[in-house]
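Here are the chains, one letter per residue:
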Amino acid sequence: MDITKRRKFKNRIFHVLTFLCTLFGVIILSVLLFSILSKGIKWLSLNFLTNFPSRFPKKAGIYPALLGSLWLIFLTAIISFPIGIGTALYLEEYAKESKFTDFIKLNIANLAGVPAIIYGMLGLTIFVRLLGFGRSIISGALTMSLLILPTIIISSQEALKSVPDSLKQASYALGTTKWQTITGVVLPYALPGILTGTILSISRALGEAAPLIVVGAFAYVSFIPKTPFDQFTVLPIQIFNWASMPKKEFQNVAAAGIIVLLIILLGINSIAIILRNKYQIRIKD
Amino acid sequence: MKRIILTILLAVTTLSFLACGRQGKLAGTIKIDGSSTVYPITQAVAEEFNKQNPNVNITVGISGTGGGFKKFVNGEIDINDASRSIKTEELAKAKANGIDFIELEVAYDGIVVVVNKDNNWAYDITTQELKKIWDKDSKVVYWSDVRPEWPKEKIKLYGPGTDSGTFDYFTSEINGEEKRIRADYTASEDDNVLVQGVAGDKYAMGFFGHSYYEENKDVLKVLKINGVEPTTENIRNGKYKPLSRPLYIYVNKKSLERPEIKSFVKFYLEKAKDLVEDVGYVPLEDKKYQEQLNKIK
């Protein structure tokens, strides 16, 4: 009897503990959101989106940073998606089990844990200086692609692994080639998983500032980038810059910038969810 | 998926074209980098200059005075914002790379020593006392270690990180050697963090650029140094010693031959007086600006 009581007591304690853990995250998040919204919401306006940065907090806007960020994630996406998904396909579908492929997989897993700033230094040496792209969007996008590739590859691999063997066998039994099986069966089945992983990595690229500061995104840019070889700035750098300005009102401007960044991040994540749901339904049919 | 990519592409390009309609005679690119202390001034000038010359593309970075000089002596940028004058090693590198330049003073900046608003004992401090507090291997733990009549409470120290020109200047003027400082103070590259730190702790002391004090007068108290208050006037006429200093821009001579750069630098010196005050720094005397203008003729 006594033992049962104690067991149940333990159980309840653990229940409460895990609940507190969950609560911790939620509370921190709401405090953060509240302080940012209360500071920044009044500063959000159409002008804020279409103005250039200014020394007057009231006139300051995020137009170049917003466009810089959109350019950057767009280029990063078209560079990293094909390479990442291609690598995952090779490793899961084509590569034979060998020491070499194990070595590659181990390296990819390790690369996923390398700090972002290291990628920045790599990008500075290779893309900015060696290849001569300069401090441009393309240098930034290539660096960001390197940064998120390991995550894309690993999440795509997981998605590919989840394709039931029976489906593939059924396809082969109909006499299809490997290519036909991949495009007709494997990819459609794994696509929701692949998309979720890749789009979440893209949102990571959107929020990064450190590697881009090294690669050479600027604090103040007085023009809109028109080609991938133009100089640029991005939202996180613009926000960081405002947060360190002496004028107090810039703290609110920074908060407004954070709100814009949050909205874009939420937007991208919802695209991921919508795509996933859409394709999942198609498979069930 | 295809349609989404297309929509994003379309959005990016249309937004880009929206910005193309502006007019102006001068065109080209001006690359500026360097000190984050000088940054607000240069940004203000760039903002005004672009109103008249919308086709000139200006980028301003904040790599720090040293980081900026590294690029400047390699010929990667046209102008370097500097919160100190060029060092001998940097000068040697510039010579080796065939980079010729002009040094122009653009404003004065004071470094202030601040304490909490509720601090009701300290009103002034001497250079020697500052050295005693901040020097490497300092023995000062309590306020009473500085002056016996001050409270026996632990003194909490806040100051900028090692990449900052303000840090270099303070350490060299107060401790007699650049980067010489005690190890156990709270450092941040973001001066607003230092403001928050000192404002939130009755027994704190910190130092940073004058403009950050001006914006946070309501939560901070500034100390007189050797009896002199860091007012605009005292910083300008040099009475606030030793913590007032000139701020510079360094202009690559070859870049200066380009019309857009020449007119930008001219504009900088002509408008500096008003703009410098706008962003919380201390302008030079009119005569001084004229002298700088003569240098680029």
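Note that the structure is predicted; figures quoted are calculated from it, not measured.

Enquirer: Which parts of the structure should I look at to understand the UniProt feature "transmembrane region" (unreviewed entry) in chain A?
Expert: All names here are of chain A. Feature annotation in UniProt assigns "transmembrane region" (unreviewed entry) to the following positions: residues 12–37, 62–91, 111–131, 205–224 and 253–275. Between the end C-alpha atoms of residues 111–131 there is a gap of 22 Å, over a span that is 76% helix and 0% strand. For the annotated span residues 205–224, helix accounts for 45% and strand for 10% of the residues, and the straight-line distance between the end C-alpha atoms is 20 Å.

Enquirer: Whenever I open this one, the interface of chain B and chain A confuses me. Can you help?
Expert: Buried accessible area, meaning the area lost when the parts come together, often serves as the stated size of an interface. Every contact between the two is made by 44 residues of chain B and, on the other side, 35 residues of chain A. In this assembly, chain B packs against chain A so that about 3400 Å² is buried in total across both faces, 58% of it on carbon and sulfur atoms. There are six salt bridges connecting chain B and chain A. A salt bridge links B:Glu76 to A:Arg129, with the shortest nitrogen-to-oxygen separation between them at 3.7 Å. Taken together, chain B and chain A are joined by 14 residue pairs in polar contact (both at pLDDT 80 or more). Of all the secondary structure elements, the ones that give two or more residues to the side of chain B that touches chain A are helix H1 (2–18), strand E1 (28–34), helix H2 (39–52), strand E2 (56–60), helix H8 (210–215) and helix H11 (259–278) of chain B. Of the residues that constitute the side of chain B that touches chain A, the class distribution is 21 nonpolar, eleven polar and twelve charged. Two strands pair when backbone bridges link them, and strand E1 (residues 220–221) of chain A and E2(B) are joined in this way by two bridges, in the antiparallel orientation. Bridging across to E2(B), A:Val221 finds its partner in B:Thr59.

Enquirer: What is the right way to read the packing of H11(B) against helix H12 (residues 286–295) of chain B from this model?
Expert: In a packed pair of helices, the relevant descriptors are the angle between the two axes and the axis-to-axis distance. Residue and element names in this part refer to chain B. Relative orientation of the contacting elements H11 and H12 amounts to 160°, with a least axis distance of 9 Å. On the basis of their axis angle, the class for H11 and H12 is roughly antiparallel. Crossing of H11 against H12: the hand is right-handed. Residues Lys 266, Leu 269, Glu 270, Ala 272, Lys 273 and Val 276 of H11 touch H12, and the partners they reach there are Asp 286, Tyr 289, Gln 292 and Leu 293.

Enquirer: Mind showing me how you'd approach the packing of helix H5 (residues 116–130) of chain A against helix H6 (residues 137–161) of chain A here?
Expert: Residue and element names in this part refer to chain A. Two elements in contact, H5 and H6, have axes separated by 9 Å at closest approach and are oriented at 135°. The pairing of H5 with H6 is recorded here as oblique in orientation. As H5 packs across H6, the resulting crossing turns out to be right-handed. Touching Ala 116, Tyr 119, Gly 120, Leu 122, Gly 123, Phe 127 and Val 128 of H5 are Ser 139, Leu 142, Thr 143, Leu 146, Leu 147 and Pro 150, all from H6. Within the contact of H5 with H6, the residues separate by chemical class into nine nonpolar, four polar and no charged.

Enquirer: Just to check I follow, could you spell out empty space enclosed by the protein for this structure?
Expert: Space left empty within the atom packing is revealed by a probe, the size of a water molecule, rolled over the atoms. Under the counting rule described, the total for this entry stands at one cavity of 30 Å³ or more. Approximately 50 Å³ is the volume attributed to the largest cavity. Taken together, A:Arg55, A:Met245, A:Pro246, A:Lys247, A:Phe250, B:Pro40 and B:Val279 make up the full set of residues lining the largest cavity. Grouping the amino acids of the lining of the largest cavity by side-chain chemistry returns five nonpolar, no polar and two charged.

Enquirer: Would you explain the domain arrangement of chain B in this entry?
Expert: Residues and elements named next belong to chain B. When cut into domains, chain B gives domain 1 (26–108 + 247–296) and domain 2 (109–244). Regarding the contact of domain 1 and domain 2, the summed buried area is about 1000 Å², with carbon and sulfur atoms giving 53% of it. Here Glu 178 ties to Lys 87 by a salt bridge, and the two come within 3.1 Å at their closest N and O atoms. Scanning the region where domain 1 abuts domain 2 turns up two residue pairs in polar contact (both at pLDDT 80 or more). When the residues that make up the side of domain 1 that touches domain 2 are grouped by side-chain class, the tally is eight nonpolar, three polar and three charged.

Enquirer: Would you mind going over the side chain of B:Asn192 with me for this structure?
Expert: With respect to the helices and strands, the residue B:Asn192 is situated in helix H7 (residues 191–199). The exposure class of B:Asn192 is buried, given its relative accessible area of 9%. Reaching out from B:Asn192, the side chain makes a polar contact with the backbone oxygen of A:Met245 at a distance of 2.9 Å. Look past the residues within four positions of B:Asn192 in its chain and what remains in contact with it is A:Ala243, A:Ser244, A:Met245, A:Gln251 and B:Tyr212.

Basis of the calculations
Residues numbered from 1 in each chain as written. Chains lettered and ligands numbered in written order. Predicted model: local features only at pLDDT ≥ 70, side-chain atom pairs only at ≥ 80, totals over all residues. Heavy atoms only, no water. UniProt positions renumbered as here; feature names shortened; annotations may be inferred. Helix = DSSP H or I, 4+ residues; strand = E, 2+ residues; numbered from the N terminus. Contact = heavy atoms within 4.5 Å. Buried area = accessible area lost by both parts, 1.4 Å probe. Salt bridge = Lys/Arg side-chain N within 4 Å of Asp/Glu carboxyl O. Polar contact = N/O pair within 3.5 Å; in protein donor to acceptor, adjacent residues only side chain to side chain. Nonpolar A, V, L, I, M, F, W, Y, C, P; charged D, E, K, R; others polar. Pairing = 2+ DSSP bridges. Axes fitted to C-alpha atoms, helices over the stretch in contact; angles between N-to-C directions. Parallel < 35°, antiparallel > 145°, perpendicular 65-115°, else oblique. Left-handed = near helix turned anticlockwise from the far one by under 90°. 1 Å grid on protein atoms, 1.4 Å probe; cavity = no way out; pocket = protein on both sides within 12 Å on 5 of 7 lines; lining within 4 Å. Points joined across faces, edges and corners; volume = space filled by probe spheres on them. Domains from an automatic or database assignment. Buried < 20%, exposed > 50% of the residue type's maximum accessible area, 1.4 Å probe, protein only.

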